[in-house]
Amino acid sequence: MKCLTRLLCVVLLGSCLMAQAADDVLFRVHGSNTVGAALAPACAREYLASIGVANPRVKRAAADNEYEVYGRQGNRTVTIQIAAHGSGTGFTALAEGRAEIAMSSRPIKREEALALRHLGNLRAPEAEQAVAIDGLAIIVHPDNPVAQLTVAQVAQVFAGHINNWQQLGGPDLPISLYARDDKSGTWDTFSSLVLGKQWQLSPAARRFESNDQLSDQVSSDRSAIGFVGLASVRSARLLAIADSSTAAMQPTPFTVATEDYPLSRRLFFYVPQVSRSQAAAEYVAFCQSQQGQDIVKRVGFVSQTIIAFDQPAPATAPASYRKLAEHGRRLSVNFRFDQGSPQLDNKAWRDLSRIVDYMQLPENRNARLYLVGFSEAGEAVSQDLLLSRYRALAVRGALLRDNVPVAASIGLGSMMPVAANDRHDVRNKNGRVEVWQLDNLLVLDDIASR
């Protein structure tokens with residue numbers, strides 16, 4: 001009888017300890033290595049500090065690419081668990097109840113959203129949250145003389161159809177390929193934006209789970225080329241990339257923030273709205289805050305905080321646009337839309353509030369905004385022009401409802417594309433509204449007359 005009583009006490013004590021341990025885990029974050037290697041842990045540490053957790057710190061878990069962020073809150077230790085094994089693993093963890101947040105370096109796929117519909121609509125604005133912008137960096141050894149490639153050339157290189165640097169104006173060296181593993185959102189983005197349906201990755205490519213490891217290998221191999229997230233360029237050298245109808249550009253804070261860079265991408269948190277964790281929702285909101293966006297910048301991604309840039313107009317731009325660039329400054333945001341529609345996408349709705357915050361800064365209170373709408377190329381120039389005007393008006397109406405002063409808006413149709421119109425997978429990037437800041441309103445009439 002005593003043995004039975006002792007055994008029962010042990011079982012009950014073990015159950016209590018297990019329950020206490022489970023309670024101490026605030027939430028679990030699974031998915032993208034790009035997001036999970038540095039950004040998610042850094043945000044988790046500062047989030048814990050913001051809710052009064054003492055001395056929060058990050059430690060590596062027993063498995064590679066897994067972390068525990070923990071600290072003392074009262075008489076208990078609270079923990080956020082992060083496992084960064086690829087975007088697809090995040091959605092699998094949501095489905096299996098092993099995570100409250102999925103990290104992804106690509107949008108959720110249709111089949112994933114359908115499989116997770118019991119958790120709510122993961123494509124809704126409340127669930128799908130772009131936490132940072134990244135540029136997919138094409139990198140080579142620091143001594144490689146090749147400076148730029150087209151997207152088509154990059155595809156042919158990684159498919160093995162171009163296999164010597166001499167074919168690209170470089171030295172007579174066979175090309176060594178370095179690629180992310182097939183669980184990675186970085187790989188999914190590369191496959192979609194570069195390889196498309198025409199090309200397949202060469203079986204000779206070496207595959208890596210980690211962006212940083214891949215970058216370090218490229219830096220030590222003179223014949224190498226690879227692709228990583230912008231935060232993992234490290235000692236490698238960036239190549240400028242051109243689409244079929246655009247000028248070559250490197251990923252910079254401005255070209256990535258506006259998503260004009262051909263290989264720019266959004267980094268996401270997906271937070272189910274059915275039986276959601278309150279702590280998980282607060283964490284994502286913290287990452288979206290100014291403090292969170294400062295962390296985004298610090299770890300090497302591009303934050304969504306609005307900044308004004310001087311940007312010269314391309315020679316092919318119409319006179320009105322060149323005049324605007326001469327007298328105004330462009331803001332580091334493009335509003336984007338659903339395909340062929342004036343309906344703002346999920347990120348755009350949060351960008352509206354960021355514009356409101358920017359215009360409330362003391363130095364901007366006398367400024368006015370000028371909106372320039374664009375469309376992807378359709379069947380008729382007149383329809384393109386109409387859609388671009390509707391898009392500019394949609395943004396104008398939303399800003400005016402928030403009492404943001406908009407001086408004027410125009411539509412330029414499918415002029416000045418930032419992506420190839422002949423590729424269905426990327427042409428939607430051409431449908432956008434640029435935001436310009438004007439401090440001197442006397443030039444408005446002159447702009448409108450050109």
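The residue numbers shown here count from 1 along each chain, following its written sequence. Whole-chain, interface and lining totals are the exception, using all residues; otherwise, since this is a predicted model, local features are given only for residues with pLDDT of at least 70 and side-chain atom pairs are given and counted only at 80 or more. Note that water and hydrogens are dropped before the side-chain values are worked out from all heavy atoms of the structure.

**With respect to the packing of aromatic side chains**
Then step 1. Between the rings of Phe, Tyr and Trp (Trp by its six-membered ring), a pair exists once the centres lie within 6.5 Å; its type follows the angle of the planes, with under 30 degrees stacked, over 60 edge-to-face, and the other angles tilted. All told, the structure shown has 16 aromatic pairs when counted by the stated rule.
Then step 2. Judged by centre distance (4.9 Å) and plane angle (70°), the ring pair of Phe 158 and Phe 190 falls under edge-to-face. With Phe 158 in helix 6 (residues 151–158) and Phe 190 in helix 7 (residues 185–195), the pair connects residues that are 32 residues apart, well separated along the chain.
Then step 3. Per-residue accessibility, obtained with a 1.4 Å probe over protein chains only, is compared with the maximum for each type, and a residue is labelled buried under 20%, exposed over 50%, and partly exposed between these values. By relative accessible area, Phe 190 is classed as buried at 0%.
Then step 4. Plain terms: the ring middles of Tyr 321 and Phe 374 are 6.5 Å apart, the flat faces sit at 70° to each other, and that makes the pair edge-to-face. Of this pair, Tyr 321 sits in helix 12 (residues 319–327) while Phe 374 sits in strand 16 (residues 368–374), and the two are 53 residues apart along the sequence.
Then step 5. You can call Tyr 321 buried: its relative accessible area is 2%.
Then step 6. The structure contains a cluster of three or more aromatic residues connected by ring pairs, namely Phe 27, Tyr 47, Phe 269, Tyr 283 and Phe 286. Put simply, DSSP H or I for four residues or longer makes a helix, DSSP E for two residues or longer makes a strand, and each gets a number counted from the N terminus.

**Observations concerning the sheet that holds strand 14 (residues 308–309)**
Then step 1. Paired strands, as defined in this entry, are two strands with at least two bridges between them according to DSSP. Here we have five strands laid out as an open sheet, ordered 14-15-18-16-17, and mixed in their pairing. This sheet does not close on itself; its edge strands, each paired only once, are strand 14 and strand 17 (406–411).
Then step 2. The pairing of strand 16 with strand 17 spans five bridges and is classified as parallel. Paired with Tyr 370 across the strands is Ala 408, a residue of strand 17.

**A closer look at the pairing of strand 15 (residues 329–336)**
Each regular strand displays side chains that alternate between the two surfaces of the sheet.
Then step 1. Buried residues dominate strand 15, accounting for seven of its eight residues.
Then step 2. Sheet analysis places strand 14 next to strand 15, joined by two bridges and oriented antiparallel. Bridging across to strand 15, Ala 308 finds its partner in Leu 331.
Then step 3. Alignment of strand 15 against strand 18 (residues 432–438), held across five bridges, turns out to be antiparallel. Bridging across to strand 18, Arg 336 finds its partner in Arg 432.

**With respect to the confidence of the model for the protein chain**
Then step 1. As a per-residue quantity, pLDDT reports the predictor's confidence and falls between 0 and 100. Per-chain confidence: the protein chain averages 91 in pLDDT, with 92% of residues scoring 70 or above.
Then step 2. Contacts from residues 1–22, a stretch scored under 50 in pLDDT, to residues over four places away or in other chains number zero contacts. The criterion used for residue contact is that any of the two residues' heavy atoms lie within 4.5 Å.

**Details of the packing of helix 3 (residues 39–50) against helix 10 (residues 278–288)**
A pair of packed helices is characterised by two quantities: the angle between their axes and the separation of those axes.
Then step 1. Closest axis-to-axis distance for the helix 3/helix 10 pair is 10 Å, and the angle between their directions is 110°. The angle between the axes of helix 3 and helix 10 places the two elements in the roughly perpendicular class. For the pair helix 3 and helix 10, contact is made by Ala 40, Cys 43, Ala 44, Glu 46, Tyr 47 and Ser 50 and by Ala 279, Glu 282, Tyr 283, Phe 286 and Cys 287, respectively.
Then step 2. Following the grouping adopted for this structure description, the nonpolar residues are Ala, Val, Leu, Ile, Met, Phe, Trp, Tyr, Cys and Pro, the charged ones are Asp, Glu, Lys and Arg, and the polar ones are all others, Gly among them. Tallied by class, the residues present in the contact of helix 3 with helix 10 amount to eight nonpolar, one polar and two charged. Only the contacting stretch of a helix is used when fitting its axis, a line to C-alpha atoms as for every element, and angles between N-to-C directions run 0 to 180 degrees. Relative orientations are named as follows: roughly parallel for angles under 35 degrees, roughly antiparallel for angles over 145 degrees, roughly perpendicular for angles from 65 to 115 degrees, and oblique for any other angle.

**What to know about helix 6**
Then step 1. All buried positions along helix 6 are accounted for by Val 151, Val 154, Ala 155, Val 157 and Phe 158. Around the axis of helix 6, the buried residues are gathered within 160° of arc, so they sit on the same side.
Then step 2. Of the surrounding elements, those touching the buried residues of helix 6 are strand 6 (128–140), strand 7 (148–150), strand 8 (176–180), helix 7, strand 10 (224–229) and strand 12 (240–242).
Then step 3. Just downstream of helix 6, Gly 160 is the residue with a positive phi angle, here 90°. This arc is built from the directions going out from the helix axis to the C-beta atoms.

**Focus: the side chain of Asp 24**
Then step 1. In this fold, Asp 24 is placed in helix 1 (residues 2–24).
Then step 2. If near-sequence neighbours (up to four positions away) are discounted, Asp 24 is found in contact with Arg 76, Thr 77, Val 78 and Thr 79.

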